[in-house]
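# Understanding the architecture of this molecule
The primary structure of each chain is shown beneath.
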Amino acid sequence: MEAYNNIGIRRRLRRFFRRDGRALIFAMDHGFEHGPTDFEENWEHINPKIIIRKVIRAGIDGVMMLPGIARISGEELVGKDVGLMIKLTSKTELRPKEEWLMQDQLGFVEDAIKLGADAVAATVYWGSPYEGAMMRQFAEIASYAHDLGYPVVQFAYPRGPYINEKYGKKEDYRVVMYGARAAAEMGADMIKTYWTGSRETFAKVVDAASGVPVLLSGGAKTDNPLDFLKLVWEVIEAGGSGAVVGRNIFQRENPEPMIRALLRVTHRNEDPEEAAKAEGLL
Ligand SMILES: O=C(COP(=O)(O)O)[C@@H](O)[C@H](O)[C@H](O)COP(=O)(O)O
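Cut-offs applied
- Residues numbered from 1 in each chain as written.
- Predicted model: local features only at pLDDT ≥ 70, side-chain atom pairs only at ≥ 80, totals over all residues.
- Heavy atoms only, no water.
- UniProt positions renumbered as here; feature names shortened; annotations may be inferred.
- Buried < 20%, exposed > 50% of the residue type's maximum accessible area, 1.4 Å probe, protein only.
- Helix = DSSP H or I, 4+ residues; strand = E, 2+ residues; numbered from the N terminus.
- Pairing = 2+ DSSP bridges.
- Right-handed = clockwise from strand over helix to strand, strands pointing away.
- Core = buried A, V, L, I, M, F, W, Y, C linked by side-chain atoms within 4.5 Å.
- Contact = heavy atoms within 4.5 Å.
- Near = heavy atom within 4 Å.
- Polar contact = N/O pair within 3.5 Å; in protein donor to acceptor, adjacent residues only side chain to side chain.
- Areas by Shrake-Rupley, 256 points an atom, 1.4 Å probe, with all protein chains shown as cover.
- Nonpolar A, V, L, I, M, F, W, Y, C, P; charged D, E, K, R; others polar.
- Phe/Tyr/Trp six-rings, centres within 6.5 Å; stacked < 30°, edge-to-face > 60°.
- Lys NZ or Arg CZ within 6 Å of the ring centre and 35° of its normal.

The name an unreviewed UniProt entry assigns to the protein is fructose-bisphosphate aldolase, from the organism Thermococcus litoralis. For the record of the protein, the UniProt heading Sequence similarities (unreviewed entry) holds the text "Belongs to the DeoC/FbaB aldolase family."

### Side note on unusual backbone geometry
Backbone geometry at Ser210 places phi at a positive 50°, although glycine is not the residue there. Residue Ser210 is classed as exposed on the basis of its relative accessible area, which comes to 53%. One non-glycine residue, Asn269, lies in positive phi territory at about 55°. Turning to its location among the elements, Asn269 is positioned in the loop between α13 (255-268) and α14 (272-278).

### Topic: the pairing of strand β7 (residues 152-158)
Burial analysis of β7 places seven of its seven residues in the buried class, the great majority of the element. Burial of β7 is two-sided: the residues Val152, Gln154, Ala156 and Pro158 facing one way and the residues Val153, Phe155 and Tyr157 facing the other way are all buried. As judged from the seven bridges shared by strand β6 (residues 119-126) and β7, these two strands associate in the parallel manner. Within β7, the position partnered with Trp126 by the bridge is Pro158. Note that the unit made of β6, helix α7 (residues 131-147) and β7 has a crossover that is right-handed.

### Details of the nonpolar core
Counting residues in hydrophobic clusters, the biggest one holds 85 residues, and the most contacted among them are Phe26, Val63, Met85 and Ile191. Tallying contributions element by element places β6 first for this core, with seven residues. Contacts of Phe26, omitting those with residues within four sequence positions, involve Ile51, Ile52, Val55, Ile60, Gly62, Val63, Met64, Val245, Gly246, Ile249 and Phe250.

### Some thoughts on the UniProt feature "active site" (unreviewed entry) in the protein
Under the present numbering, the feature "active site" (unreviewed entry) in UniProt falls on Tyr157 and Lys192. In sequence the annotated residues extend across 36 residues, while in space they remain close, none of their C-alpha pairs exceeding 8.1 Å. Relative to the helices and strands, Tyr157 is located in strand β7. With sequence-adjacent residues up to four places away left out, Tyr157 is seen in contact with Thr123, Val124, Tyr125, Trp126, Lys192, Thr193, Tyr194 and Ser217. Topologically, Lys192 is positioned in strand β8 (residues 190-193). Sequence-distant contacts of Lys192, defined by excluding residues within four places in its chain, comprise Gln154, Phe155, Ala156, Tyr157, Leu215, Ser217 and Val244.

### Quick look at the site of the ligand
The full set close to the ligand counts 17 residues, and His30, His34, Tyr157, Gly219 and Arg247 are the nearest of them. A distance of 2.9 Å separates an oxygen atom of the ligand from a polar side-chain atom of Asp29. Taken by itself the ligand offers 470 Å² of open surface, and the protein chains cover 92% of this. Among the residues forming the shell around the ligand, the class breakdown is six nonpolar, six polar and five charged.

### Some points on the packing of aromatic side chains
Applying the stated criterion across every chain yields a total of six aromatic pairs. On the basis of an interplanar angle of 35° and a centroid distance of 6.1 Å, the ring pair of Phe155 and Tyr157 is categorised as tilted. For the residue pair Phe155 and Tyr157, the accessibility class agrees, reading buried in each case. An aromatic cluster is built from Tyr125, Phe155, Tyr157 and Tyr194, whose rings are joined through pairwise contacts. Above the face of the Tyr150 ring, Arg12 is positioned so that its terminal group lies 3.9 Å from the ring centre. We note Lys192 situated over the ring of Phe155; from NZ or CZ to the ring centre the distance is 3.9 Å.

And the structure:
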C-alpha cells in the first residue's frame, strides 16, 4: 500500500510541475473567500467557464478552485493537460470578524476525487486562536488523501493577534518561514504562502520547507503588470517553485498575455521586462 500511494502522490504532483520543478497555477476561490466583488473589475470573469477557457488556452500549468466551481467549469478541463487542485476549506467575509481567523471544511476528499482532482488543499492560519482546529482539519484531510495517493497542499498563512503584536505584520519573513516549516513538518506536499519582501528572506522560507515546494500566493493586482512579473521573478530566483495567482490574472481585461509572460519568467528564467515586451504588455 505504502509504495502504491507514494507513486500516486508523485505522479499527481507532476501534473502541476513541469520538468523544471516549477508551476504557474491559476487561483479561483475568490468568489467565496473575498466575495464576488473581486470580479467587478472584469465582470465577465465571474463566470468560471469563461476565465478557465482563457487560462488553459494561455498554457497555465494548473488551476485551484472550490468543488462547486470545478463542477460548473468541469467541461473546460476535460482532456486538457492541466493539474486540478480542489480546495476543501474556506471562510466567507460575511461571518463576524472575530471568526475570520478560522477556515472550515466545505467538502471532502471523495468529492474532489469524483471531480477529477489531482491534489486537494486546505488552509492553516498559523498563529490563529483556531490554529489547533485547522491543524486537525488539515491532518484529517491529509491522512485520508495520502492513503489514496493524493497530494495535499497547505495554504500556510501566518495570521493572528500575537503575530501582529510580536512581529508587526504577517509578511515578516520569520513568521512566513515558521508557517512554511510547520506545513512541511505536518506533511504538506506543496506550500502556498506570502511574499516576504526580498529574495534573501524568501530563500530562507524555501530552506525552512526543506524540499517541499513553496509557491507564492499572488496578492492584489498590481497597476503595472511588470511589477508583478518582477515579483514572480524574485520568487524563482529565491528558489521558489512558482506562484498561485488569481487577481493578477482574472482582474485583467486580457489575461492571456499576462499568463504567457508569467510562464516565460517561471519556466524560462526570462527577464521580466523582456517577457513583458515579448507579450505586448509594455
Ligand atoms: O488565499 C487566498 C486568500 O488569501 P488572503 O486571505 O486574501 O490573504 C485565496 O483566495 C487566493 O487563492 C490567493 O490569494 C491567490 O490569489 P491572488 O492573491 O493572486 O488573487
